[in-house]
Amino acid sequence: MSTLSYTVTDSVTMLRRNLKHAVRYPSMTIPVVVIPVVLLLLFVYVFGNALGAGVAPGAHGHYVDYVAPGIILMATTYGSVSVAVHICSDMTEGIVNRFRTLSISRAAVLNGHVLGGVIQTLLTVVLVVGAALLTGFRPDATPLEWLATAGLLTLVIVALTMLSAAMGLRAKTVEAASNAPFPLTFLPFLGSAIVPTDSMPTAVRWFAEYQPFTPVTETLRGLLMGTAIGDSAVIAVAWCLGLTVLGFFWARSAYDRA
Amino acid sequence: MTTTRLAITATGLRKAYGEQVVLDGIDLTVAEGTVYALLGPNGAGKTTTVQILSTLAAADGGEVRVGGHDPLRDPRAVRAQIGVTGQFAAVDAMLTGEENLLLMADLHHLGRREGRRRAGELLERFGLADAAGKLPSAYSGGMRRRLDLAMTLVGEPRIIFLDEPTTGLDPRSRHAMWQIVRDLVAGGVTVFLTTQYLDEADQLADRIGVLNGGRLVAEGTAEELKRLVPGGHVRLRFADPAAYERAVRVLRGAAHDDEALTLQFPSDGSTRELKSLLDWLEAESIEAEHLTVHTPDLDDVFFALTTEAGDAPAPTGAPATTTAPLKESLR
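Structure report, in brief. It should be emphasised that the depicted structure is a prediction, and the values quoted were computed from it without experimental measurement.

Of the regular secondary structure elements, chain A holds twelve helices and zero strands. Order of helices (α) and strands (β) in chain A, N terminus to C terminus: α-α-α-α-α-α-α-α-α-α-α-α. Taking 18 Å as the expected radius of gyration for a compact globule of 258 residues, we find that chain A reaches 19 Å, a close match to that expectation. Taken along the three principal axes of its C-alpha coordinates, chain A extends 60 × 40 × 35 Å. Counting every position in chain A, which comprises 258 residues, the buried fraction comes to 50%.

All names here are of chain A. Under the counting rule described, the total for this entry stands at one cavity of 30 Å³ or more. Approximately 30 Å³ is the volume attributed to the largest cavity. Where the lining of the largest cavity is concerned, the elements lending two or more residues are helix 1 (3–24) and helix 6 (108–134). Of the residues that constitute the lining of the largest cavity, the class distribution is two nonpolar, three polar and one charged.

This part is about the environment of Thr-124 of chain A. All names here are of chain A. As for its placement among the helices and strands, Thr-124 is situated in helix 6. In this structure Thr-124 comes out as buried when scored by relative accessible area, which is 4%. Each residue touching Thr-124, except ones within four places of it in the same chain, is listed here: Val-32, Val-33 and Ala-75.

Taken as a whole and judged by the stated rule, the model has 23 salt bridges over all chains. The closest approach of N and O atoms between Glu-218 of chain A and Arg-221 of chain A, which form a salt bridge, is 3.1 Å. One end of the pair is Glu-218 of chain A and the other is Arg-221 of chain A, both in helix 11 (residues 213–225) and three residues apart, which spans about a single turn. For Glu-218 of chain A, a relative accessible area of 22% translates into the label partly exposed. Among the ionic pairs, Arg-14 of chain B bridges to Asp-24 of chain B, the shortest N-O distance being 2.8 Å. Of this pair, Arg-14 of chain B sits in strand 1 (residues 6–17) while Asp-24 of chain B sits in strand 2 (residues 20–31), and the two are ten residues apart along the sequence. Among the residues examined, Arg-14 of chain B registers a relative accessible area of 41% and is labelled partly exposed. A cluster of three or more residues bridged by salt bridges with shared partners is formed by Glu-114, Arg-117, Arg-118, Glu-121 and Glu-156 of chain B.

A few words on the pairing of strand 9 (residues 215–220) of chain B. All names here are of chain B. With five bridges joining them, strand 8 (residues 207–212) and strand 9 adopt antiparallel strand pairing. Bridged to Leu-211 within strand 9 is Leu-216. From the end of strand 8 to the start of strand 9, which pair antiparallel, there are two residues, and Gly-213 there has a positive phi angle of about 55°.

Bringing the sheet that holds strand 11 (residues 255–257) of chain B into the picture now. Residues and elements named next belong to chain B. If you trace the four strands from one edge of the open sheet to the other, you get 11-12-10-13, paired in antiparallel fashion. The sheet terminates laterally at strand 11 and strand 13 (290–294), the two strands that pair on one side only. Direction aside, neighbouring strands of the sheet carry axes that sit 20° apart on average. Direction of pairing for strand 10 (residues 233–237) relative to strand 12 (residues 262–266): antiparallel, over a ladder of five bridges. Directly across from His-233, in strand 12, lies its bridge partner Pro-266.

Residue and element names in this part refer to chain B. Interaxial distance between helix 3 (residues 97–107) and helix 5 (residues 141–153) falls to 9 Å at its minimum, and their mutual angle equals 20°. With respect to their mutual orientation, helix 3 and helix 5 come out roughly parallel. Of the two elements, helix 3 crosses helix 5, and the hand of that crossing is right-handed. Facing Gly-97, Asn-100, Leu-101 and Met-104 of helix 3, the residues of helix 5 in contact are Leu-147, Ala-150 and Met-151. Of the residues in the contact of helix 3 with helix 5, the class split is five nonpolar, two polar and no charged.

On the surface, Ile-30, Val-34, Val-38, Leu-41, Leu-42, Tyr-45, Val-46 and Phe-47 of chain A cluster together into a nonpolar patch covering about 700 Å² of accessible area. Turning to its location among the elements, Val-46 of chain A is positioned in helix 2 (residues 26–46).

With that out of the way, let us pick up the layout of surface pockets. Roughly 690 Å³ of internal volume is contained in the largest pocket. Lining the largest pocket are 29 residues; nearest its centre among them are Met-91, Thr-92, Glu-93, Asn-97 and Arg-100 of chain A. Residue assignment for the lining of the largest pocket shows that the elements contributing at least two residues are helix 4 (63–91), helix 5 (94–100), helix 7 (143–170) and helix 12 (232–257) of chain A together with helix 1 (46–53) and strand 5 (82–85) of chain B. The element contributing the most residues to the lining of the largest pocket is helix 5 of chain A, with five residues.

Attention shifts here to the nonpolar core. In this structure, Ile-71 and Phe-99 of chain A together with Leu-101 and Ile-208 of chain B are the most contacted members of the largest nonpolar core, which totals 112 residues. The greatest single-element share of this core, amounting to 14 residues, is contributed by helix 4 of chain A. In this structure, Ile-71 of chain A is in contact with Pro-36, Leu-39, Leu-40, Phe-43, Val-128 and Ile-194 of chain A, ignoring residues within four places of it in sequence. Membership of the second largest hydrophobic core comes to 25 residues, among which are Ala-10, Val-22, Val-64 and Leu-211 of chain B.

Here is what the cut-offs are and how they apply
Residues numbered from 1 in each chain as written. Chains lettered and ligands numbered in written order. Predicted model: local features only at pLDDT ≥ 70, side-chain atom pairs only at ≥ 80, totals over all residues. Heavy atoms only, no water. Helix = DSSP H or I, 4+ residues; strand = E, 2+ residues; numbered from the N terminus. Rg over C-alpha atoms; globule rule 2.2 N^0.38 Å. Buried < 20%, exposed > 50% of the residue type's maximum accessible area, 1.4 Å probe, protein only. 1 Å grid on protein atoms, 1.4 Å probe; cavity = no way out; pocket = protein on both sides within 12 Å on 5 of 7 lines; lining within 4 Å. Points joined across faces, edges and corners; volume = space filled by probe spheres on them. Nonpolar A, V, L, I, M, F, W, Y, C, P; charged D, E, K, R; others polar. Contact = heavy atoms within 4.5 Å. Salt bridge = Lys/Arg side-chain N within 4 Å of Asp/Glu carboxyl O. Pairing = 2+ DSSP bridges. Axes fitted to C-alpha atoms, helices over the stretch in contact; angles between N-to-C directions. Parallel < 35°, antiparallel > 145°, perpendicular 65-115°, else oblique. Left-handed = near helix turned anticlockwise from the far one by under 90°. Patch = residues over 30% accessible without salt bridge, like charges linked within 9 Å, V, L, I, M, F, W, Y side chains within 5 Å. Areas by Shrake-Rupley, 256 points an atom, 1.4 Å probe, with all protein chains shown as cover. Core = buried A, V, L, I, M, F, W, Y, C linked by side-chain atoms within 4.5 Å.

Dropping the structure here:
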């Protein structure tokens, strides 16, 4: 077999190992699904009436239709904590040193973690979309728009997973690894996920309009609810690709040093 | 010289972490199909040596060949021939024993059928068949170490590195591990092990290197090393202080301890020498309560050649080399 097919085989072996870990260690996997669902319930049933009055335009008067795309996006961020923690704890175990003395593709361990993280987060997002539909979220997207939604969410997940893999590799302890991606889980709040940015004070609004999660949120909302997308889609994709490249090189250099 | 093929050679191996010199120019040669034990106290540089030989760390200087290849320039060729079992069990804690072995089989690209066959065989051979479906957290220390070694053997390596393979194991598990090592060597495998246990080196190794402070302070077979230090002696203990004093007066050359009422002579421990000692005691009507014979062992070598940082070597049971031999004392 060629070097490339070994890399693929070894990466798939490591991916299987990663997914098995996720199944065996649910205390890390379950919160990733539970947190966004709880947030969804909070914003729909607790804050929904108050917030809905202020953000009705473009949401047919239903706050759930405004907030659901934001919550779906948030769901992509919680997986990053679990990726960082998992990769950090793995690197501190003796098994990774064993992998290093084997004649296997060096990238396979990292590939397994990143692919595993992406797959798990995608599953999370599917579950959160299901929960949103149950709470009354009624998107008017065509199949093509659904496909575009899935594509954009995948891009976001790949970027976040790369970044959090790098954070996990750079963290010296598992505690530090679980703290490092925390800002990522918080960023959607400082964008248009929950309320429109023009309701915010100037400084916050300025930040909200230029941070990556806002164009992603706006694009998702446009695809699912038919609101105006404008140039958000291009900016969102550019952010995702840029962060993926950044995360890739950061993770690779951290992995070589670890 | 000889036609023996060498599995491992190293000359002038050096490694420093910042200011801290860990290996200060060591030379090693390990013939194929033999066991080499690197013996030394904590911090002597044993693990660093294993890391360099097994491609995990780069040496700062020196020539290294493992299985004919340079670990630094051609790590893949080295990795294809070696297996490493480190100081801390390198098993996947979230996979069962069998899954751990199958993971290794996959990483060696053995194929499904062959992987299952080899995993089953190793589980059987290492007494883990009953625990195959359990997670390592349910294993005893000895079982985890056996699983660790079984994982190393999935790829059928020709050269195996064992870094302190029995540290923390109970005597039964330790003996089981020794038997496994002997079986491996019988199959033609080369074993490079590190240990801080002298009996382990004595039991297993064809050659022993004593590492201290980053230097090889002695090297040879167990017998050769034992010859380096005059370790054998006979000790007499007296119950009666009067008998003790008489013996001290007569046996001027012997080292004596007035508080413990003991006398100590260098001796090879032969029955002839012991008989003449007992005859002499009888002839002089001196009654010794207790006689112990101490033959030189690796402990003597170890204590004589290694030092704790800042301490002078302080062998408790080692002989005082200034005492006259028993024969001269009796004359």
